[in-house]
Amino acid sequence: MRNLKYLGPVAIMCAAVLWSFDGLLRQYLSEVPALMVVLLEHFFGALLLTPLLFKGWKEIKTLPNRAWISVLWVSLFGGLLGTFFYTKALSYINYIDLSVVVLLQKFQPFFAIGLAAVLLREPLTKNYLICAVAAIAGGYLVTFENGLPVMEMDDKTLIAGLMALCAAFAWGSSTVLGKHALKHLSFFSLTGLRLWITTFIAVVVILFMGNSPMDGSLNKTEWFTILTIVLSTGTVALFIYYYGLKHVLATHATIYELFWPLSAMLIDLFIRGRTLMPGQFMGALLLIGASIFLSRQQKNSPS
């Protein structure tokens with residue numbers, strides 16, 4: 001039973017590993033509008049989890065207003081706006097120079113840690129802060145193979161940076177508000193609610209823009225890719241993530257999420273055959289070491 005305390009951290013790390021494959025899959029959806037991708041992947045995911053949503057209907061009916069605000073927040077900011085801002089940031093630099101976008105997106109843990117301390121009253125101990133600094137530094141080193149981001153400060157880069165910061169806030173705050181919602185909901189109920197609400201919001205946004213939700217046609221490869229995302233990096237990863245978040249502090253969860261760039265680095269190594277720099281290996285050791293130390297300190301957080 002003692003090892004059960006590690007299931008939460010491991011679940012979040014597994015979700016982060018799945019998310020790192022997301023970029024490989026979405027390259028086959030480059031011709032599909034981003035909002036259409038968001039709509040379809042959330043809709044099919046919502047259908048998949050509908051039976052579990054009925055199972056948790058009793059707790060949903062008694063959900064207090066503040067918890068509903070948290071659910072709506074993670075659905076809008078985590079499900080729709082975070083992805084939109086990040087995708088838009090990449091489009092401003094033509095998906096070529098990712099340095100400024102990825103660097104500013106690394107502010108996500110700072111938003112999550114600050115909001116968790118203020119809204120959830122989670123303690124920021126000395127040991128935790130040391131681990132957080134080490135893990136964030138490790139994530140930075142893993143991301144930039146030469147140790148330094150390349151930043152050309154023109155107008156488009158500034159706009160891309162602003163969009164990346166908005167994405168970092170959207171996803172960081174969603175970690176905290178998701179943890180708040182999980183105090184009142186099971187992890188599968190929150191996952192199902194988020195998917196359905198995000199689907200509804202996406203339909204409203206698309207209709208407001210004057211388009212039909214099903215404008216355009218997808219080829220077989222694009223349909224297969226969307227379904228693959230649902231069953232791996234999308235719904236399944238989110239389901240695993242909320243299981244983990246249910247059992248760990250939000251301040252810890254945002255550190256475990258940094259396994260995303262670590263896994264992406266390993267993908268570059270084994271799938272794309274890229275050579276890794278010494279700084280990336282150092283960053284990987286920092287990230288793994290900080291995560292192991294945090295998981296050993298992990299105590300069952302109140303549900």
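Engineer: It is not clear to me how the overall build of the protein should be interpreted in this structure. Could you clarify?
Structural biologist: When its secondary structure is counted, the protein shows 15 helices and zero strands. Long-range pairs, those at least 24 residues apart, make up 89% of the contacts in the protein with a sequence separation of at least 6. As displayed, the protein offers around 15200 Å² of accessible surface, 69% of which is attributable to carbon and sulfur atoms.

Engineer: How should I be thinking about the packing of helix α3 (residues 34–55) against helix α10 (residues 187–208) in this particular structure?
Structural biologist: Any two packed helices are characterised by the angle at which their axes cross and by the distance between the axes. At a minimum axis distance of 7 Å, the contact between α3 and α10 shows a crossing angle of 145°. As for the relative orientation of α3 and α10, their crossing is left-handed in sense. For the contact of α3 with α10, the class distribution of residues is 18 nonpolar, eight polar and one charged.

Engineer: Quick question: what am I supposed to make of unusual backbone geometry here?
Structural biologist: Positive phi, normally seen in glycine, also occurs at R121, with a value near 60°. Tracing the sequence through the fold places R121 in the loop between α7 (108–119) and α8 (126–143). For R121, a relative accessible area of 65% translates into the label exposed.

Engineer: Which parts of the structure should I look at to understand the environment of Y86?
Structural biologist: As for its position among the elements, Y86 is in helix α5 (residues 65–92). Assessed through its relative accessible area of 23%, Y86 is described here as partly exposed.

Engineer: Mind showing me how you'd approach the packing of aromatic side chains here?
Structural biologist: Each aromatic ring pair is described using two quantities: the centre-to-centre distance and the angle formed by the ring planes. One pass over the structure, following the stated rule, counts 13 aromatic pairs. With a centroid separation of 5.3 Å and 80° between ring planes, the pair formed by F187 and Y243 is classed as edge-to-face. With F187 in helix α10 and Y243 in helix α12 (residues 235–247), the pair connects residues that are 56 residues apart, well separated along the chain. By relative accessible area, which is 18% here, F187 ends up buried. The exposure class assigned to Y243 is partly exposed, which follows from its relative accessible area of 27%. Grouping aromatic residues by their ring pairs yields a cluster made of F43, F44, W196 and W223.

Engineer: Looking at this structure, how should I read the side chain of T233?
Structural biologist: Relative to the helices and strands, T233 resides in the loop between α11 (220–230) and α12. Taking the relative accessible area as the measure of exposure, T233 reaches 6% and is therefore buried. At 2.6 Å, the side chain of T233 forms a polar contact with the side chain of D22. If we ignore the near neighbours within four places in the chain, the residues touching T233 are L18, W19, F21, D22, L25 and T228.

Engineer: Just to check I follow, could you spell out the environment of G78 for this structure?
Structural biologist: Within the element layout of this structure, G78 appears in helix α5. By relative accessible area, G78 is classed as buried at 4%. When the C-alpha atoms of G78 and T175 are compared, they prove to be 8.2 Å apart, with 97 residues separating the residues in sequence. Setting aside chain neighbours within four positions, we find G78 in contact with W73, T83, A170, W171, S174 and R194.

Engineer: Just checking my understanding: could you explain the side chain of E122 for this structure?
Structural biologist: As for its placement among the helices and strands, E122 is situated in the loop between α7 and α8. No salt bridge forms around the buried E122; measuring N to O, its nearest opposite-charge neighbour K179 is 5.7 Å away. Reaching out from E122, the side chain makes a polar contact with the backbone nitrogen of A250 at a distance of 2.9 Å. Discounting chain neighbours no more than four positions away, the residues touching E122 are A116, A117, K179, L249, A250 and T251.

The rules behind each value
Residues numbered from 1 in each chain as written. Predicted model: local features only at pLDDT ≥ 70, side-chain atom pairs only at ≥ 80, totals over all residues. Heavy atoms only, no water. Helix = DSSP H or I, 4+ residues; strand = E, 2+ residues; numbered from the N terminus. Contact = heavy atoms within 4.5 Å. Areas by Shrake-Rupley, 256 points an atom, 1.4 Å probe, with all protein chains shown as cover. Axes fitted to C-alpha atoms, helices over the stretch in contact; angles between N-to-C directions. Left-handed = near helix turned anticlockwise from the far one by under 90°. Nonpolar A, V, L, I, M, F, W, Y, C, P; charged D, E, K, R; others polar. Buried < 20%, exposed > 50% of the residue type's maximum accessible area, 1.4 Å probe, protein only. Phe/Tyr/Trp six-rings, centres within 6.5 Å; stacked < 30°, edge-to-face > 60°. Polar contact = N/O pair within 3.5 Å; in protein donor to acceptor, adjacent residues only side chain to side chain. Lys, Arg positive; Asp, Glu negative; His and termini not counted. Salt bridge = Lys/Arg side-chain N within 4 Å of Asp/Glu carboxyl O.

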